[in-house]
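Residue strings, one per chain:
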Amino acid sequence: AQSVSQHNHHVILSEAASLELGCNYSYGGTVNLFWYVQYPGQHLQLLLKYFSGDPLVKGIKGFEAEFIKSKFSFNLRKPSVQWSDTAEYFCALYEWNSGNTPLVFGKGTRLSVIA
Amino acid sequence: DSGVTQTPKHLITATGQRVTLRCSPRSGDLSVYWYQQSLDQGLQFLIQYYNGEERAKGNILERFSAQQFPDLHSELNLSSLELGDSALYFCASSVEGGRYEQYFGPGTRLTVT
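A brief look at the structure comes next. (Residues numbered from 1 in each chain as written. Chains lettered and ligands numbered in written order. Predicted model: local features only at pLDDT ≥ 70, side-chain atom pairs only at ≥ 80, totals over all residues. Heavy atoms only, no water.)

Topic: the sheet that holds strand S3 (residues 19-24) of chain B
Residues and elements named next belong to chain B.
Line of reasoning, step 1. If you trace the four strands from one edge of the open sheet to the other, you get S1-S3-S8-S7, paired in antiparallel fashion. The sheet is open, and its two edges are formed by strand S1 (5-7) and strand S7 (64-68), each paired on a single side. In this sheet, neighbouring strand axes are inclined to one another by 15 degrees on average, regardless of whether the strands run parallel or antiparallel.
Line of reasoning, step 2. For S1 and S3, the ladder comprises three bridges, and the chain directions are antiparallel. Each residue of the ladder has a partner; that of Thr7, found in S3, is Arg22. (Pairing = 2+ DSSP bridges. Helix = DSSP H or I, 4+ residues; strand = E, 2+ residues; numbered from the N terminus. Axes fitted to C-alpha atoms, helices over the stretch in contact; angles between N-to-C directions.)

This is the structure we're talking about:
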């Protein structure tokens, strides 16, 4: 079965630092990829998605992610984080050969942004 | 606001009891998913319904069951509750099956005492 790995469990950054959160997956076929954000006490919200085309995907709030098929990766980036980016970030994958099975989520990365 | 609604927002109940959580998907979405989120287990997929039929099952206990009604709203029934069932329960919906993005509701926080 496919899996999604987010190796960073907790990342602590100062405001204005650049962010890169790792996401790797195990499936070699066609995939749809997603990043979700969960602010403290809130539900998951979609940050960005990749279905096909340009591997560099821009999302909301200045986030972007790059799909690198050869590395089975879909890392999330932001050039300059703000305190309000403190949240948990989840990478998710849909494998096209899986039929209509649901998204597979990673375990999440907690981001703490300090002043 | 994702368009997915969940009731109630909070629920406090005792061990051994049964509760029902309700979810209304976004207008036009046919798939509904249920997730459990706790500090120790993280986000766990429970079950998916598509247009009234069960489509996929995840880590759902036998004490838990769900259904999706003709109007596409869904209910998650939790019975014989244990302290460990205390968690956030999220519902999500998507247009069709799994390949599209899911939109999450605000969640129901269940506390079992």
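Having put the structure on the table, let's press on.
As for the state of the cysteines
Line of reasoning, step 1. For the structure shown, the criterion picks out two disulfides over all chains.
Line of reasoning, step 2. Across a sulfur-sulfur distance of 1.9 Å, A:Cys23 and A:Cys91 are joined as a disulfide pair. Looking along the S-S bond of the A:Cys23-A:Cys91 disulfide, the torsion reads about -65 degrees, which is the left-handed sense. Residue A:Cys23 is located in the loop between strand S3 (19-21) and strand S4 (24-25), and its partner A:Cys91 is located in strand S10 (residues 87-95); the two are separated by 68 residues in the primary sequence. For the pair formed by A:Cys23 and A:Cys91, the shared burial category is buried.
Line of reasoning, step 3. A disulfide bridge connects B:Cys23 with B:Cys91, and the sulfur atoms are separated by 1.8 Å. Its torsion about the S-S bond being -50 degrees, the disulfide of B:Cys23 and B:Cys91 is classed as left-handed. Of this pair, B:Cys23 sits in strand S3 while B:Cys91 sits in strand S9 (residues 87-94), and the two are 68 residues apart along the sequence. The exposure classification of B:Cys23 matches that of B:Cys91, with both residues buried. (Disulfide = S-S within 2.5 Å. Buried < 20%, exposed > 50% of the residue type's maximum accessible area, 1.4 Å probe, protein only.)

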